[in-house]
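Chain by chain, the residues:
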Amino acid sequence: MATSATTYAQVLDEIVVTATKREATIQDVPLSVSAINSVAIEKRGLLDFSDYLSSLPGVAMQDNGPGRNSIKVRGVSSGNEFKTPPTVATYLGDIPLTTTGRQINGNPNVRLIDIERIEVLRGPQGTLYGANALGGAVKTIPNKPNLEKLEGQFSGTFSQTQDSDDDNRHVTGAISLPVIEGVLGVRLAAYDIQNSGFIDNDYAGFPGVDASFLDPSIPPGVATTPAISPRQEKDIAREDTSGGRIIASWQASDSLLIHATHVTQESEANGLPEAVPSIGKLKQDRFFGEALKDDLDVTNIVVSYDFSTASLVSSTSYMERETLQDRDAKVYFDGLFPLSLTDRSKDEVLVQEVRLESSSDSNLQWIVGAFYSNTEQTSTQLLADSSEFAAGVRELFDSVVDYEETQRAVFGEVTFDINDKVSLGVGLRAFNVDLNISDTSSGPLGSGATVRGGGDSDELNGKIHLTYMANEDHTLYAQAAQGFRSGVVNSPIPSGVGCEAEIANLTSQGVMAGALAEPDTLWNYELGSKSSYAEGRVRLNAALYYIDWQDIQTSFSFGCGFDTVTNGGEATSQGVELELSAALTDNLMLDFSASYTDAEFDNAIPALDIAAGERAPGVPRSNFALGLQYAFSVAEDIDGFARLDYTHVSDYETALTSIDSLRAGDYDLVNIRLGIQSNGLEGELFINNLGDEDAVLDGTPETSSLGARSFLLRPQTVGVTLRYRF
């Protein structure tokens, strides 16, 4: 074999991040941050959240299909986030993608096509990122136009998943055009990603039931459920995602820079990717075709003006998002009636942020800003019966909820270099949130009325950190930072529907179950170190943290059929995080990360089925990941690489309440990839889930009102990628 032409640098590449809303190296930022650059994204074959989040220290993620995901960082989880704001904020560049109001579905999962880097910030980021960065934030930074030269790439991937008769096909492309060299440029990215389903629907059919036994006033034969024919389908829950992004950059002057971005993405699945273990490993029994859909459109304009000692940045974004979740709901009446449950939501979000930040090299660095957001959300829910039960009424429950949240905030952070080694920083965010809701429901199970509610809250959110730079290779930091999640206005519960006793029971146990669920807050106390060794060939970062979480927002369903978001309970999370990168040789690169998370509820609340010492749901106690990449030369002008990635995730409970929880996780995932490249042409062979690991990632047991549903790790997938880069 020829001597290697492809080698790593003698030192690790410097990683620049914008975690503090200004550019700084990851070793200089006094908080726990993971970053994945564009090279690693391609070499690991990363496409979305599910491909990388669970491999990062202190991070957990459950992805149940388009528009249904949940991200947890540092154990900050109360389980089901339905109708509560999320605990982790997600961003695409400067664009906040997290819906600030009630979360009907999960975070938009924008595909990782033509991405510069990913940043994952652990710990609360309330001062700079505001509400719902309670546990942390995930930032995806897209590539911007190259104003100097034409560049781009196109790729195609074909793969086959074990236990599926269908195939996976991915087509992606990106091109950057300098319209006016050095002044104006445009970058385009587009993709079409089709992933096969691997679960079979096997519904045995139903003979039909005379419903007169439910109500003696109904004569026999008047209200019957019709016989339902058996239904068999192969490879349901095929997921199709297509999208595109355009970014225009205008360097209007040496001081003025404008970026305009538009992003669109449509994701849909022809079924829910869940199995029913009692009828088979990869089988479910749905009487009709379920569906998921998540459509996203975002427009953003960022204007930056560089003064001699400061920079002014304005970011304006508008987002529209529509989701659909169509489910088989026969479980609600013991399978006797063919019921369907359809949830739809539409969010319209306007966000404006203006910030002024220092840009000089003085020993005083600062940033101040103002923030405004308005979220208007309309969500509908329809429970429909295809039988003749309920006197021929098909719509058993039809609800329309209009929800509006307006948030205003001012914020600032100041860092002062006390001397060459010690820096002290403080931050503060003051915010106000106004909330309004209107809920109309009809049908035999509805209230038949429109009820309205509202509320507001004002909070202060603080942060302080101290940094000690022992030398240019070793830095220690300590910080105390507060995080918050915006409040929630509950749909008012009509009187006389049978909820009064349950509400009184919650109140007697110190749980707030009123019209407004107040913001929940936490304090994160953290010690960290960032070090480089072996003349820059080894980088080791570590953090210890302790989190005190108060007035936790929790979704609760009453026996009378209504639900609410409560404030109740306290939790503690403590743990350790470790990240190591090393150039073992000029050709062999090692990445290793590990974490231990001990997140538990402090007090017992029987009404919410919370026991003292109960683990936070969806949070594994430990995870660790190992990556090895070897670069080699095949011949002159032909270079190659081989990569192995191993991830271990320990077990966890999927829900807070015992009747809704499954034991999940406890899996070992191995991915391997082999690639060659020559003169812009690249080819890669890969196997994901090499051992065909069979693991439950999320779901509910048979005791749950949702029935038995298990979301599974994707089986072994073998494929090839071809890419042309210019």
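Predicted model, so just to flag it, every value in this text is computed and none were measured.

Visitor: Please explain the overall build of the protein chain as it appears in this structure.
Guide: Regarding its fold elements, the protein chain presents three helices and 40 strands. Relative to the compact-globule value of 27 Å for 726 residues, the protein chain shows a C-alpha radius of gyration of 26 Å, a close match. Along the three orthogonal principal directions, the C-alpha set of the protein chain runs to about 85 × 55 × 50 Å. By residue count, 54% of the 726 residues in the protein chain fall in the buried class. Taking as baseline every contact in the protein chain between residues at least 6 positions apart, the subset at least 24 positions apart corresponds to 68%. The distance from the centre of the 50 positive side-chain charges to the centre of the 103 negative ones in the protein chain is 3 Å.

Visitor: Would you mind going over the side chain of T90 with me for this structure?
Guide: Mapped onto the elements, T90 comes out in strand β6 (residues 88–92). Accessibility expressed as a relative area gives 2% for T90, which makes it buried. Discounting chain neighbours no more than four positions away, the residues touching T90 are F49, I71, I95, P96, L97, T98, N107 and V138.

Visitor: Even after reading the chapter, I still don't get the pattern of salt bridges, so can you show me in this structure?
Guide: Should their charged atoms come close, side chains of opposite charge can pair. Here the structure, examined in full by the defined rule, presents 47 salt bridges. Across the salt bridge formed by R723 and E682, the nearest N and O atoms sit 2.7 Å from each other. Of this pair, R723 sits in strand β40 (residues 717–725) while E682 is found in strand β37 (residues 681–688), placing the two residues 41 residues apart along the sequence. Under the relative-accessibility criterion, E682 is labelled buried at 11%.

Visitor: Sorry if this is basic, but what is going on with the sheet that holds strand β13 (residues 199–203) here?
Guide: For sheets, the rule is that strands pair by backbone hydrogen bonds, running either parallel or antiparallel. The three strands lie next to each other as β14-β13-β17, forming an open sheet whose pairing is mixed. The two strands at the open ends of the sheet, each matched to only one other strand, are β14 (231–236) and β17 (283–284). Pairing between β13 and β14: four bridges, direction antiparallel. Bridging from a neighbouring strand, N201 pairs with E233 of β14.

Visitor: Sorry if this is basic, but what is going on with the sheet that holds strand β9 (residues 136–142) here?
Guide: The sheet built from five strands is open, its strands ordered β3-β8-β9-β6-β7 with mixed pairing. Among the strands making up the open sheet, the edge pair consists of β3 (32–37) and β7 (95–96). Judged from the seven bridges that link them, strand β8 (residues 115–122) and β9 form a sheet pairing that is antiparallel. Counterpart to R117 in the pairing with β9 is I141.

Visitor: Would you mind going over the pairing of β9 with me for this structure?
Guide: When a strand is regular, its side chains alternate between the sheet's two faces. Taken across its seven residues, β9 has seven buried, putting it largely inside the fold. Side chains of β9 alternate between two faces, with G136, V138, T140 and P142 and A137, K139 and I141 buried alike. Relative to β9, β6 runs parallel, the two sharing five bridges. Directly across from Y91, in β9, lies its bridge partner K139.

Visitor: Any chance you could explain a negative patch on the surface here in plain terms?
Guide: Judged by side-chain charge, E266, E268, D297, E320 and E322 come together as a negatively charged surface patch. Put simply, the parts of the chain that give the negative patch at least two residues each are β16 (256–269) and β19 (310–328). As for its placement among the helices and strands, E268 is situated in strand β16. Relative accessible area serves as the criterion here: at 39%, E268 is assigned to the partly exposed category.

Visitor: What exactly am I supposed to notice about the nonpolar core here?
Guide: Side chains that are nonpolar tend, in soluble globular proteins, to be buried together. Ranked by internal contacts, the top residues of the largest apolar core, which has 44 residues, are A19, V33, L97, L121 and V298. Once residues within four sequence positions are removed from consideration, L121 is found in contact with A19, L31, S32, V33, Y129, G135, G136, A137 and K139.

Visitor: Would you mind going over the environment of L364 with me for this structure?
Guide: Summarising the element assignment, L364 is placed in strand β21 (residues 364–385). For L364, a relative accessible area of 36% corresponds to the partly exposed category. Contacts of L364, omitting those with residues within four sequence positions, involve S358, V414, T415 and F416.

Visitor: Quick question: what am I supposed to make of the side chain of T475 here?
Guide: With respect to the element layout, T475 can be found in strand β25 (residues 474–485). Apart from the residues lying within four places of it in its own chain, the contact partners of T475 are Q27, T467, Y468, M469, G528, S529 and K530.

Visitor: What should I look at first to understand the packing of aromatic side chains in this one?
Guide: The geometry of an aromatic ring pair is captured by the separation of the ring centres together with the interplanar angle, meaning the angle of the planes. Throughout the structure, instances matching the rule amount to nine aromatic pairs. Seen from the ring of Y129, K21 lies directly overhead, with NZ or CZ sitting 4.8 Å from the centre.

Visitor: Teacher, can you tell me more about the environment of A708 here?
Guide: Here A708 shows up in the loop between β38 (696–700) and β39 (709–712). Considered as a pair, A708 and P277 are 431 residues apart in the sequence and their alpha carbons are 7.5 Å apart. Those residues within four positions of A708 in sequence are excluded, and the remaining contacts are A275, V276, R286, T700, P701 and E702.

Visitor: Explanation requested: the confidence of the model for the protein chain in the structure shown.
Guide: As a note on interpretation, predicted positions should not be read in detail where pLDDT is low. On average, residues of the protein chain carry a pLDDT of 89, and 92% of them reach 70 or more. This model gives residues 1–9 a pLDDT under 50, and the stretch forms 21 contacts once residues within four places in sequence are excluded.

Visitor: Would you mind going over a nonpolar patch on the surface with me for this structure?
Guide: Judged by side-chain polarity, L150, F154, L177, V179, I180, L681, Y724 and F726 come together as a nonpolar surface patch covering roughly 740 Å² of accessible area. Residue contributions to the nonpolar patch peak at three residues, all from strand β11 (residues 168–180). If you trace the backbone, L177 turns up in strand β11.

Visitor: Looking at this structure, how should I read unusual backbone geometry?
Guide: Trans peptide bonds make up the majority, and among non-glycine residues the majority have a negative phi. Of note in the backbone geometry, D551 takes a positive phi value of approximately 50° without being a glycine. In this structure D551 comes out as partly exposed when scored by relative accessible area, which is 43%. The residue D637 is not glycine, and still its phi comes out positive at about 70°. Locating D637 in the fold gives a position in the loop between β34 (622–635) and β35 (638–653).

Visitor: What is the right way to read the pairing of strand β31 (residues 563–567) from this model?
Guide: Buried residues dominate β31, accounting for four of its five residues. Where strand β30 (residues 553–557) lies against β31, five bridges are found, and the strand directions are antiparallel. Within β31, the position partnered with F556 by the bridge is T564.

Visitor: Even after reading the chapter, I still don't get the environment of S650, so can you show me in this structure?
Guide: In this fold, S650 is placed in strand β35. Look past the residues within four positions of S650 in its chain and what remains in contact with it is P620, R621, S622, A664, G665 and D666. There is a polar contact of 3.0 Å between the side chain of S650 and the backbone nitrogen of S622.

Calculation criteria
Residues numbered from 1 in each chain as written. Predicted model: local features only at pLDDT ≥ 70, side-chain atom pairs only at ≥ 80, totals over all residues. Heavy atoms only, no water. Helix = DSSP H or I, 4+ residues; strand = E, 2+ residues; numbered from the N terminus. Rg over C-alpha atoms; globule rule 2.2 N^0.38 Å. Buried < 20%, exposed > 50% of the residue type's maximum accessible area, 1.4 Å probe, protein only. Contact = heavy atoms within 4.5 Å. Lys, Arg positive; Asp, Glu negative; His and termini not counted. Charge placed at Lys NZ, Arg CZ, Asp CG, Glu CD. Salt bridge = Lys/Arg side-chain N within 4 Å of Asp/Glu carboxyl O. Pairing = 2+ DSSP bridges. Patch = residues over 30% accessible without salt bridge, like charges linked within 9 Å, V, L, I, M, F, W, Y side chains within 5 Å. Areas by Shrake-Rupley, 256 points an atom, 1.4 Å probe, with all protein chains shown as cover. Core = buried A, V, L, I, M, F, W, Y, C linked by side-chain atoms within 4.5 Å. Phe/Tyr/Trp six-rings, centres within 6.5 Å; stacked < 30°, edge-to-face > 60°. Lys NZ or Arg CZ within 6 Å of the ring centre and 35° of its normal. pLDDT = per-residue confidence, 0-100. Polar contact = N/O pair within 3.5 Å; in protein donor to acceptor, adjacent residues only side chain to side chain.

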